[in-house]
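# Coordinates in review
Below, each chain spelled out in residue letters.
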Amino acid sequence: MTEDMTVLTGFLAASIRISTPLLLAATGEMLNERAGVINLGVEGAMLAGALASAVGAAAGGPWAGTLLAVVAGVLVAGVFAVVAIGARADQIISGTAITLGSVGLTGALYRTAFGSGGPGLTLPTFAVVPIPGISSIPVIGQSLFSQPALTYIAWLLIPAAWWFLFRSWWGLALRATGESAEAARASGVPVRRVQVMSTLVGGGLAGLAGATLVLAQVGTFAEKMTAGRGFIAIAIVVLGRWHPAGVLLAALLFGAASALQFAFQAMGLAVPYQLFLVMPYALALLALAGAVGKARAPAGLGK
Amino acid sequence: MSGNRLRPILTALGALGAGFGVLAIGLAASGYDPVLALGALGRGAFGSWYTFSSATLVRAVPLILLGLGVALAFRAGALNIGGEGQFYAGAIAATWVGIHVAAWPSALAVGAVWVAAAVAGVIWIGLPVLLKVRFGVLEVISTLLLNFVAEAVVSFAVTGPLQEAKRVYPQSDPIASAARLPLLAGSRLHAGILLAVVLAMALWLLFTRTRWGFRLKAVGMGPEAARVSGGIPVKRVVAGALLWSGALAGLGGGVEISGVTYTLFQNLSPGYGFTAIAVALLARLHPLGIIVTGILFGALEAGAQGMQREAGVPAVAVQVAEATIILAVLLAEVLARRAAGRAISAEDSA
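Residues numbered from 1 in each chain as written. Chains lettered and ligands numbered in written order. Predicted model: local features only at pLDDT ≥ 70, side-chain atom pairs only at ≥ 80, totals over all residues.

## Here's the deal with the overall build of chain A
Heads up, the rule is: Secondary structure elements are taken from DSSP: a helix is a run of H or I of four residues or more, a strand is a run of E of two residues or more, and numbering for both begins at the N terminus. We take the radius of gyration over the C-alpha atoms and set the globule estimate at 2.2 Å times the residue count to the 0.38 power. Each residue is classified by how many other C-beta atoms fall within 10 Å of its C-beta atom, where C-beta atoms are placed from the backbone; a count of 20 or more means buried, 12 or fewer means exposed, and values in between mean partly exposed. Residues are treated as contacting if the C-beta atoms built from their backbones sit within 7 Å of each other.
Counting secondary structure elements, chain A contains eleven helices and two strands. Its helices and strands in sequence order give chain A the pattern α-α-α-β-α-β-α-α-α-α-α-α-α, from N to C terminus. Its C-alpha atoms give chain A a radius of gyration of 19 Å, near enough to 19 Å, the size a compact globule of 303 residues would have. Based on the C-alpha atoms only, the size of chain A along its principal axes is roughly 65 × 45 × 40 Å. With 303 residues in all, chain A has 52% of them scored as buried. Contacts spanning at least 24 positions in sequence make up 77% of the contacts within chain A whose residues lie at least 6 apart.

See below:
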């Protein structure tokens, strides 16, 4: 009984820990997709954030790293905004190119700054912050309320995003932009500015996602360490039907799928580990197939 | 008129200039000597006939094959960024077949390896095609997600069913010598380059001289117009283009196994699937242009290794140049469209 509960607690805690970077990146991507911008550079912004957080944390501790990661994510999204929104070049190809460039840039900078000596980098990371009182509840408290601070921030962003999208004037302007830029412009919405701002916010959150990956999960930087999480975040947005609550549930689902690995290991099941590596990607494909068509994307997405 | 024919070439040169400019600035900003580094890059790509044929052209072969694949799909308006995954699928199939054809005549063995690789590429892109046609899933995301799955399958294969007989290293046994491609004397350049050039020429003829080529272009330029006024089955044309695109990328993996490495291992591709996008875009999807840009990017990849050896610059830095080149091509197209738009409105008002 107690052993089962330990496994369950570990599984829940791991699910939430793994889902946090996905949730942050997906929340950001949801905002810019609601404004009609699909940014495939989110993977690149996340990777840039991951490297920046490592550099910042090595110099000034985890919060300095987090701040630098957000800046890096905004900068990468800024390049995308100039090319894809400013000049109106194809969003899909621009985003792909920016991710490609980010892989090269972060790889080169990392090797230049830290050498190619492998995982020699130890960073100050975020400690778990148990919430007084409720964190001692068995299973639930020990998993849900014993997380690093960035996890709580990610969760609090969900109601904030909901309020912004559905209760504020700017949220209405943003959704109108995503449905029909022409109509929004006619009613006085500064369409380009809304798209650029939402893209920059999306990039900042992707950078924050990178910081979470490095400073609250892995503890070090490695080349290409985001491993497609940015693209999984895009699948999460689709599965979550462009809605904050849906995005939260979808991100948790992906976290749980990845955390199964640890649960199975704890139970001593021998399955090739590659099967677990594949799980999130397979789930993302399934999600795309099942979710598309049922939910409607913003009408102006990618245009 | 000659201005119109020159423009793509000038655009390409400008994009290349932008790519190298950004690379040089980045190198200088990170404390490297850009002249030394770019000199090393040039020597690594063009230093001698041996380096040109064995480093640059050998890398150009997969880039041309995958670049043709990207161009084929993109002509029909679909973006296949899963070339990497299809390349690995092709490589796995090629390795398995290549190990089992030791007793066959060489031409037959090589043919079997290539066909297996192309079929594997088609199978690997089959799911994204199905998802796109049936559910409207964006092929960009689905093909990309399958890249990671393919890498995991390679990892499983070389530590499991395809691992070498001694079971020590995470790689396959070498394929039979009957399945290996002939090499050019005194070089590592293999016969795969002929296949790449022949396929490029064939695609050029198909694009420009056949109804299929016309349909691809019509669908790519405007699916709605192609369906309504052209009576073209848009979904079928797009699906076909993507499947052929997967075949070319899979073939790229098979040619790499049969001509270069002879064994399967992880990280077989240094990102050919992504570089191929730059190859196709810089050539403006023109198959003969892809021969040129494929060699150019082959030179860039080969030169990157030279740059790492001689100047200590991490080879991945050239991906920044590649990304810049793609963005520069996109921006040039936007500018050209606007210029054309202005010319039309000027005519209207005249």
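## Quick notes on the overall build of chain B
Regarding its fold elements, chain B presents 13 helices and zero strands. Along chain B, helices and strands appear, N-terminal first, in the series α-α-α-α-α-α-α-α-α-α-α-α-α. Computed over the C-alpha atoms, the radius of gyration of chain B is 21 Å, within 12% of the 20 Å expected from 2.2 N^0.38 for a compact globule of 350 residues. By residue count, 54% of the 350 residues in chain B fall in the buried class. Long-range contacts, defined as pairs at least 24 residues apart, comprise 79% of the intrachain contacts of chain B with a sequence gap of at least 6.

## Considerations on the packing of helix α4 (residues 83-100) of chain B against helix α10 (residues 234-261) of chain B
All names here are of chain B. Using the following cut-off: Helix axes are fitted only over the stretch in contact, all axes being lines through C-alpha atoms; the angle between N-to-C directions runs from 0 to 180 degrees. Small angles under 35 degrees read as roughly parallel and large ones over 145 as roughly antiparallel, with 65 to 115 read as roughly perpendicular and the rest as oblique. Rotating anticlockwise by less than a right angle from the far helix to the near helix defines a left-handed crossing, while the corresponding clockwise rotation defines a right-handed one. Each residue receives one of three labels: charged for Asp, Glu, Lys and Arg, nonpolar for Ala, Val, Leu, Ile, Met, Phe, Trp, Tyr, Cys and Pro, and polar for the others, Gly being one of them.
In the contact formed by α4 and α10, the axes pass within 7 Å of each other and the chain directions differ by 50 degrees. By the angle between their directions, the pair α4 and α10 is classed as oblique. By crossing handedness, the relation of α4 to α10 is classed as right-handed. Facing Gly83, Gln86, Phe87, Tyr88, Ala89, Gly90, Ala91, Ala94, Thr95 and Gly98 of α4, the residues of α10 in contact are Gly246, Ala249, Gly250, Leu251, Gly252, Gly253, Gly254, Glu256, Ile257 and Ser258. Taken together, the residues of the contact of α4 with α10 break down into eight nonpolar, eleven polar and one charged.

## Here's the deal with the nonpolar core
This is how the line gets drawn: Nonpolar cores are identified as sets of buried Ala, Val, Leu, Ile, Met, Phe, Trp, Tyr and Cys residues joined via C-beta atoms within 7 Å.
Formed by 221 residues in total, the largest nonpolar core has its most connected members in Ala235 and Ile236 of chain A together with Ala280 and Ile326 of chain B. Counting residues per element, this core draws most heavily on helix α2 (residues 42-86) of chain A, which supplies 24 residues. Ignoring sequence-local partners within four residues, the contact set of isoleucine 326 of chain B consists of Ile93 and Ala97 of chain A together with Ile277, Ala278 and Leu281 of chain B.

## Brief notes about the environment of valine 194 of chain A
Residue and element names in this part refer to chain A. Note on placement: valine 194 falls in helix α8 (residues 191-218). Residue classification places valine 194 among the buried residues on the basis of 25 C-beta atoms within 10 Å. For the pair valine 194 and alanine 35, spaced 159 residues apart in sequence, the C-alpha separation works out to 7.2 Å. Once residues within four sequence positions are removed from consideration, valine 194 is found in contact with Ala35, Ala173, Leu174, Thr177 and Val189.

## Concerning the interface of chain A and chain B
The partner chain B presents 34 residues to the 39 residues of chain A that form the contact. Among the elements of the structure, α3 (91-114), α9 (229-239) and α11 (273-291) of chain A are those that each provide at least two residues to the side of chain A that touches chain B. Here the side of chain A that touches chain B takes 16 residues from α3 of chain A, the largest share from any one element. Residues belonging to the side of chain A that touches chain B are distributed by class as follows: 27 nonpolar, nine polar and three charged.

## Examining the confidence of the model for chain B
Residues and elements named next belong to chain B. Operational definition: Residue-level confidence of the predictor is summarised by pLDDT, bounded by 0 at the bottom and 100 at the top.
Scored by pLDDT, chain B comes out at a mean of 91, with 97% of its residues at no less than 70. Per-residue pLDDT, averaged within each element of chain B, yields its smallest value for helix α13 (residues 318-349) (81) and its largest for α4 (97). Model confidence for the complex: the whole-complex pTM is 0.90, and ipTM, which rates the interface, is 0.85.

## Re unusual backbone geometry
You will see that arginine 241 of chain A, though not glycine, has its phi angle at about 55 degrees, which is positive. Position of arginine 241 of chain A relative to the elements: it lies in the loop between α9 and α10 (244-266). Among the residues examined, arginine 241 of chain A registers 17 C-beta atoms within 10 Å and is labelled partly exposed. One non-glycine residue with positive phi stands out, namely arginine 284 of chain B, at about 50 degrees. Residue position: arginine 284 of chain B is located in the loop between α11 (272-282) and α12 (287-311).

## Structural notes on helix α6 (residues 139-159) of chain B
The line we're drawing: A helix is expected to span 1.5 Å for every residue after the first.
Between its first and last C-alpha atoms α6 of chain B spans 30 Å; for 21 residues at 1.5 Å apiece the expected length is 30 Å, and the two agree. The element α6 of chain B is extensively covered by neighbouring structure, given that 17 of its 21 residues are classed as buried.

## Description of the packing of helix α7 (residues 192-209) of chain B against α12 of chain B
All names here are of chain B. At a minimum axis distance of 7 Å, the contact between α7 and α12 shows a crossing angle of 150 degrees. Judged by the inter-axis angle, α7 sits roughly antiparallel to α12. Only Pro287, Leu288, Ile290 and Ile291 of α12 make contact with α7, whose side of the interface consists of Val197, Ala200, Leu203, Trp204 and Phe207.

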